[in-house]
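Below are the chains, spelled out letter by letter.
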Amino acid sequence: MSQTEVPQRPKKLRRNRRACDQCSARSVKCRPTDGELGQCQNCIDYGETCTSLRPMARRGPKPRSARSTTSQPRTDTQDVTSSRDPAQAQVSPTSQETTLDSSTWKPRMMPPQAIVMDLTEIYFEVVYPVFPYFHRPTLLRRVSRGEYATNRPLFASVLAMCALSSARVRDGALYTSRWDANSLKSPSSEELFQAAKQVIPPDAALSQEFDYMRAYALLAIASIQYGDTPRMNYYLGLYHSFVAVGMLQDENNWPAGLGHVEIEERRRLFWSMYTLDIFSSIIWGGFAKSREACFNVCYPAECDDEYYSDSNPVTTANYAAPSWVKGWNFVTDLYRILEHAVDRLGNLRNPVQRTPSVMNYIEQGSPREASVLTNIMTLYEQLPPIFKTTQPLTGRLEKDLFGFQAANIAASLQLVRMVLFTTDNSTVDQKCQIASEVINGFASVPVAYLRAISSPLFHHLAGIGSIMGSAFENGLTESSYRRVRSVLLDLANLLANLEVDLYCAAGTSDKLRAQVSRIDEFMKIQRSVDAGGLTPWTTHTTPNPELLSPGALHAAQQQQLAAMSENSPQIHFPAELFENWSWAFDFN
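As the structure is a prediction and not an experimental result, all values here were calculated from the model.

Draft legend 1. The arrangement of the packing of aromatic side chains in detail. This model, assessed by the stated rule, comprises 21 aromatic pairs. Arranged with centres 4.8 Å apart and planes meeting at 80°, the rings of Phe 270 and Phe 295 form a pair that is edge-to-face. Here Phe 295 lies in the loop between helix H11 (260–283) and helix H12 (324–349) and Phe 270 lies in helix H11, a separation of 25 residues in the sequence. Considered together, Phe 270 and Phe 295 belong to a single accessibility category, that of buried residues. Note on Tyr 274 and Phe 295: the rings are 5.4 Å apart at their centroids and 85° apart in plane angle, and the pair reads as edge-to-face. Of this pair, Tyr 274 sits in helix H11 while Phe 295 sits in the loop between H11 and H12, and the two are 21 residues apart along the sequence. An aromatic cluster is built from Phe 193, Tyr 216, Tyr 226, Tyr 234, Tyr 235 and Phe 242, whose rings are joined through pairwise contacts. Geometry around Phe 124 places Arg 136 over its ring, the cationic atom sitting 5.6 Å from the centre. Over the ring of Trp 254 we find Arg 266, and its NZ or CZ is 5.9 Å from the ring centre.

This is the structure in structure tokens:
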């Protein structure tokens, strides 16, 4: 090497001594660059302004006086149960929740930005078609910017949404190959659920923060996904406390100055939670907390999310294309009709009435169920054809949204028919006919839709099985029992196809088959008693077997058995035979 040559030192990598404001808020590593204006790579990626304006904190241990002032007892805004909650033990805290003020609030756990973004997109694929609680362009923009990292109410609703999406992924709801389910296992759905519930203050209903209310709704649906009915009822009750405190059943009481996007989100949330309230009262035998006669809330506008914003309030009046929201609103119509059948369904489920009746003082002017069903079918026929057939999933949301609505309409319509005929004291044959149509209808829907709708649909089908239990209350003939038995076994086969990946429903079809087997055993004993210990074809009316071929003998025996079962007396089943009937459909 000549003396004039200067050795080239390796270029020293630049290192940020202090994270920028945006990376600090997101609790992510600040990646420096040599690019324009000294922006970090994260801010370049997300189109943010890279700043370092926050005050510089002094490093090292705090002075003794400062430590003594901060060693105060926990306030009620901190979670004092974290040490006792096993699910929380899996969450590594990155910072402390110090105050209710969003400007200085920090979450205990911050999932990776990429995971949140993926679960948000999955939400729009498999959850949003039935529970459209967010305006799609707005949420995608806010999540991509990481706004939830510094906004406590938004963090609650986004993490609750992620918990629900993660549970759906685990339960096999994905229908496209673009996602790697293994990469979405951590953090788990339960960890995301805990992170969401931790940040909601105990008096959230008094704050009337919309995102807290939306978080409660999402946590209720996630609880259904877990098979935790009590927890679902808990969060459903907290949601209703929001409505009660703010009297939100009337749009006139909503906060002034709401943007067009939030108004539409509130309408979707309100009517969706109304349908969930009615659904839970039918499927789990609870009571409806909602009364549609007291509501003064518009239906959501029938136009797609991409066609309106706060600055461009497109409404149905100037939106010509057919929208999937029209089908979604039709499902709401069905549940409003169902509400009025729930009371009578509850009376049928409780043969011993402890509450004194006041029905003699109320004018009975409601139409019969048959006429109600006729009116419903008239409304159904007026829907565009796209809502009446379930097309295969394509992976394109704008097309698949219509398929989801068609599947949801079919499910809701059959539930209405089942409940109406049950409350109208319909015959066993009528119940079996409707139940068979329900099962066959679901069997014709592509399985991808059924698994995407996931646990709520599974409970929906199981609720039909619970309602079928009323067929046994007044006794059955031999032929009626065979029809009911056939329907129950068909239902068990359909449930078996859906429960393969469900986290909370393993073995449900086996439970139902076991229940049918118990009834079969009782029927076998009953037949022996009725025949005096002889089988039906050994009585004196049976043709001489020696005069008939084997095939003719079998046909004669079957014909005689059918004739005897048609004319057989009512068989009354003991109550203890059905003690586990609800257990057969319990996924807790």
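On we go.
Draft legend 2. Geometry of the packing of helix H6 (residues 152–170) against helix H7 (residues 189–198). Where H6 contacts H7, the two axes come as close as 8 Å, and the packing angle between them is 160°. What the angle tells us is that H6 and H7 run roughly antiparallel. Both H6 and H7 take part in a crossing whose hand is left-handed. Taken together, the residues of H7 that come into contact with H6 (itself represented by Arg 152, Phe 155, Ala 156, Leu 159, Ala 160, Cys 162, Ala 163, Ser 166, Ala 167 and Arg 170) are Ser 189, Glu 190, Leu 192, Phe 193, Ala 195, Ala 196 and Gln 198. Counted by class, the contact of H6 with H7 contains 11 nonpolar, three polar and three charged residues.

Draft legend 3. Highlighting the confidence of the model for the protein chain. When pLDDT is averaged along the protein chain, the result is 75; 67% of the residues meet or exceed 70. For residues 533–548, every residue scores under 50 in pLDDT, and the model assigns this stretch 16 contacts once sequence neighbours within four places are set aside. Segment residues 583–588 is flagged for pLDDT under 50; beyond a separation of four residues in sequence, or across chains, it makes 21 contacts in the model.

Draft legend 4. Layout of helix H4 (residues 113–126). The first and last C-alpha atoms of H4 sit 20 Å apart over 14 residues, in line with the 20 Å expected at 1.5 Å per residue. With 10 of its 14 residues buried, H4 lies for the most part within the structure. Taken together, the buried positions of H4 are Gln 113, Ile 115, Val 116, Leu 119, Thr 120, Ile 122, Tyr 123, Phe 124, Glu 125 and Val 126.

Draft legend 5. Summary view of empty space enclosed by the protein. Summed over all chains, the structure comprises three cavities of 30 Å³ or more. When its volume is computed, the second largest cavity comes out at roughly 60 Å³. Taken together, Met 213, Tyr 239, Leu 248, Trp 254, Arg 266, Leu 269 and Phe 270 make up the full set of residues lining the second largest cavity. Take the lining of the second largest cavity: its biggest share by element is three residues, from H11.

Draft legend 6. Focus on the nonpolar core. Counting 137 residues, the largest nonpolar core has Tyr 123, Tyr 133, Val 158, Ile 200 and Phe 573 as the members making the most contacts within it. If you look at the next biggest cluster of nonpolar residues, it comprises five residues, including Cys 20, Cys 30, Cys 40 and Cys 43.

Draft legend 7. Local environment of the pattern of salt bridges. Scanning all chains against the criterion turns up 18 salt bridges. For Glu 125, the salt bridge identified is with Arg 178, shortest N-O distance 3.0 Å. Placement of Glu 125 in helix H4 and of Arg 178 in the loop between H6 and H7 is noted, with a sequence separation of 53 residues between them. Residue classification places Glu 125 among the buried positions, given a relative accessible area of 8%.

Rules used throughout
- Within every chain, residues take consecutive numbers counted from 1 along the sequence as written.
- A pLDDT threshold of at least 70 governs which residues receive local features in this predicted model, and a stricter bar of 80 or more applies before side-chain atom pairs are shown or counted, although totals over entire chains, interfaces and linings include all residues.
- Side-chain figures throughout are based on the complete set of non-hydrogen atoms in the structure, without hydrogens or water.
- Here a pair means two rings of Phe, Tyr or Trp (six-membered ring of Trp) with centres within 6.5 Å. Their orientation is stacked below 30 degrees between planes, edge-to-face above 60, and tilted elsewhere.
- The secondary structure listing takes helices from DSSP runs of H or I that are at least 4 residues long and strands from runs of E that are at least 2 residues long, numbered from the N terminus.
- The buried label applies to any residue whose accessible area, calculated with a 1.4 Å probe on protein chains only, is under 20% of its type's maximum; exposed applies above 50%, and partly exposed to all values in between.
- When the NZ atom of lysine or the CZ atom of arginine is within 6 Å of a ring's centre and also within 35 degrees of its normal, the charge is said to sit over that ring.
- Structural elements are reduced to axes, namely lines fitted to C-alpha atoms, with helices fitted over the stretch in contact, and the angle between N-to-C directions of any two is expressed from 0 to 180 degrees.
- Under this scheme an angle from 65 to 115 degrees is roughly perpendicular, one under 35 degrees roughly parallel, and one over 145 degrees roughly antiparallel; angles in between are oblique.
- Put simply, a crossing is left-handed when the front helix is turned counterclockwise from the back one by less than a right angle, and right-handed when it is turned clockwise.
- By definition in these notes, contact holds between two residues if any of their heavy atoms fall within 4.5 Å.
- Ten residue types, Ala, Val, Leu, Ile, Met, Phe, Trp, Tyr, Cys and Pro, are classed as nonpolar, four, Asp, Glu, Lys and Arg, as charged, and the remainder, Gly among them, as polar.
- The predictor attaches a confidence to each residue, called pLDDT, with possible values from 0 through 100.
- To estimate how far a helix should reach, multiply one less than its number of residues by 1.5 Å.
- Only protein atoms enter the calculation, which uses a 1 Å grid: trapped sets of points that fit a 1.4 Å probe without letting it out are cavities, open sets showing protein on both sides within 12 Å along at least five of seven lines are pockets, and any residue with an atom within 4 Å of a point is a lining residue.
- Grid points are joined across faces, edges and corners, and a volume is the space filled by probe spheres set on the points.
- Residues belong to one nonpolar core when they are buried, are Ala, Val, Leu, Ile, Met, Phe, Trp, Tyr or Cys, and are joined through side-chain atoms within 4.5 Å.
- By convention in these notes, a salt bridge is any Lys or Arg side-chain nitrogen within 4 Å of a carboxyl oxygen on Asp or Glu.

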